[in-house]
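So the chains spell out like this:
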Amino acid sequence: SLAAPLFPSLGKPGELTEEILGWIISTYSLAGCLLTPFVPYLTNKYPRVTLLIISTFLEAVCTFLYGFLNYLDDNYYILIIVIFALRIIHGTCSAIIGVLVYSLTISLTDESEVELALGSLEIAWSVGTSTGPLFASFFYNFGGYSLPFLFLGGILFISVFLANQIHSEKLNEENDEEQNP
């Protein structure tokens, strides 16, 4: 939701048509939709916490790189290829994160509190997606095209660092289990 209002400002006027912008925006959801059925397979093959941290890191990288797309304005085709690649990676990571957050919440929450925990996740997600464009426009007006992406990317990098610190013991246990089955 952060990217949608800002992408039309990329490229030279008239280059990014409504059709192309529609495909750019929908590529994120399409990638996530196509990958979601395979996430349980990934969670059976790889540790959930590790997948969550890697996916969040890649999402942070994509978000951060969105902030530099305005430097590709001179080469329309490279701009389009990079945007699509970032949107596919970002949508894929978002699908993995979505499934893992719910699965970890259910497995880590007391059975009597699961409904409250899942409801809280839904509220947080709804508030985040509905306020994203508002904050993006504020940061855009304050610091230009790059600032919203750099700010959110920075927050995501901090969350990766914190998640890694919080779950470092769990990650070590998972690595030990993989090495000594």
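Below: a short report on this structure.

What counts, and at which threshold
- Sequence positions are assigned chain by chain, starting from 1 and proceeding in written order.
- Per-residue local features of the predicted model are confined to residues with pLDDT of at least 70, and side-chain atom pairs are confined, for both listing and counting, to 80 or more; whole-chain, interface and lining totals are unaffected and use all residues.
- Each side-chain value is worked out from all heavy atoms of the structure, with water and hydrogens disregarded.
- By the criteria applied, helices consist of DSSP H or I runs no shorter than four residues and strands consist of E runs no shorter than two, each listed in order from the N terminus.
- Note on classification: 1.4 Å probe, protein chains only; a residue is buried when its accessible area is under 20% of the maximum for its type, exposed when over 50%, partly exposed between these limits.
- Only heavy atoms matter for contacts: two residues are in contact if any of them lie within 4.5 Å across the pair.
- Per-residue accessibility takes into account occlusion by the displayed protein chains alone, with areas from the Shrake-Rupley method and a 1.4 Å probe.
- Two rings belonging to Phe, Tyr or Trp (six-membered ring only in the last case) form a pair when the distance between their centres is within 6.5 Å. Interplanar angles under 30 degrees mark stacking, angles over 60 mark edge-to-face geometry, and anything in between is tilted.
- In this scheme, patches are assembled from residues that exceed 30% relative accessible area and form no salt bridge. Like charges are connected within 9 Å, while nonpolar side chains (Val, Leu, Ile, Met, Phe, Trp, Tyr) are connected within 5 Å.
- A carboxyl oxygen of Asp or Glu within 4 Å of a side-chain nitrogen of Lys or Arg is what we treat as a salt bridge.
- As used here, the term nonpolar core means buried Ala, Val, Leu, Ile, Met, Phe, Trp, Tyr and Cys residues forming a set that is joined through side-chain atoms within 4.5 Å.
- Residues scored as positive are Lys and Arg, those scored as negative are Asp and Glu, and His as well as the terminal groups of each chain are ignored.
- For charged residues, the charge sits on one atom: NZ in Lys, CZ in Arg, CG in Asp, CD in Glu.
- Pairs of N or O atoms are called polar contacts if they sit within 3.5 Å, as long as, within protein, a hydrogen donor faces a hydrogen acceptor (for residues adjacent in sequence, only side-chain-to-side-chain pairs).
- What a helix should span is 1.5 Å times the count of its residues minus one.
- Structural elements are reduced to axes, namely lines fitted to C-alpha atoms, with helices fitted over the stretch in contact, and the angle between N-to-C directions of any two is expressed from 0 to 180 degrees.
- Here roughly perpendicular refers to angles of 65 to 115 degrees, roughly parallel to angles under 35, roughly antiparallel to angles over 145, and oblique to all remaining angles.
- By definition, turning the near helix anticlockwise from the far helix through less than a right angle yields a left-handed crossing, and turning it clockwise yields a right-handed one.
- Residues are grouped as follows: nonpolar covers Ala, Val, Leu, Ile, Met, Phe, Trp, Tyr, Cys and Pro; charged covers Asp, Glu, Lys and Arg; every other residue, Gly included, is treated as polar.

## Here we look at the overall build of the protein
Looking only at helices and strands, the protein has 7 helices and 0 strands in total. Overall, the protein shows an N-to-C arrangement of helices and strands of α-α-α-α-α-α-α. In the protein, which comprises 181 residues, the proportion classed as buried is 33%. Restricting the contact set of the protein to residue pairs at least 6 apart, pairs at least 24 apart contribute 79%. Of the roughly 10900 Å² of accessible surface on the protein, 68% is carried by carbon and sulfur atoms.

## Side note on the packing of aromatic side chains
Geometrically, a pair of aromatic rings is defined through the distance of the ring centres and the angle of the planes. With the rule as written, the count across this model stands at 9 aromatic pairs. Each ring, one from F57 and one from F157, has its centre 5.7 Å from the other, and the planes form 65°; the classification is edge-to-face. Of this pair, F57 sits in helix α3 (residues 48-66) while F157 sits in helix α6 (residues 146-166), placing them 100 residues apart in sequence. What links up through ring pairs into an aromatic cluster is the set F57, F64, F68, Y71 and F157.

## Observations regarding a nonpolar patch on the surface
Side chains of I54, F57, L58 and I89 sit close together on the surface and give an oily, nonpolar patch of about 330 Å² of accessible area. Considering each element in turn, the nonpolar patch owes the most residues, 3 residues, to α3. Tracing the backbone shows I54 in helix α3. Judged by its relative accessible area of 45%, I54 is partly exposed.

## Some points on the nonpolar core
Counting 11 residues, the largest nonpolar core is built from I24, C62, Y66, L69, Y76, L79, I80, I83, L86, Y145 and F149. Of all the secondary structure elements, the ones that give two or more residues to this core are α3 and α4 (76-108). At 5 residues, α4 tops the list of elements feeding residues into this core. Residues A95, I97, L100 and L104 belong to the second largest nonpolar core, which totals 10 residues.

## Regarding a negative patch on the surface
Together, D110, E111, E113 and E115 give the surface a local cluster of negative charge. Residue position: D110 is located in the loop between α4 and α5 (114-143).

## Digging into the environment of A85
Tracing the backbone shows A85 in helix α4. With 23 residues separating them in the primary sequence, A85 and C62 have C-alpha atoms 9.2 Å apart.

## Digging into the side chain of R87
Turning to its location among the elements, R87 is positioned in helix α4. Buried charged residue R87 carries no salt bridge. Nearest counter-charge: E59, at 8.8 Å. Engagement of the side chain of R87 in a polar contact is seen with the backbone oxygen of I24, the distance being 3.2 Å.

## Notes on α3
For an α-helix, the turn length of 3.6 residues means that residues three or four places apart are oriented alike. The end-to-end C-alpha separation of α3 is 27 Å, in line with the 27 Å expected for 19 residues at 1.5 Å each. For α3, the full list of buried residues reads V49, L51, L52, I53, S55, T56, E59, A60, C62, T63 and Y66.

## Describing the packing of α5 against α6
Here α5 crosses α6 at 120°, and the two axes come no closer than 7 Å. Compared by their axis directions, α5 and α6 come out oblique. When the axes of α5 and α6 are compared, the crossing they make is right-handed. Counted together, A136, F139, Y140, F142 and G143 of α5 and L147, P148 and F151 of α6 form the full contact between these two elements. By residue class, the composition of the contact of α5 with α6 is 7 nonpolar, 1 polar and no charged.

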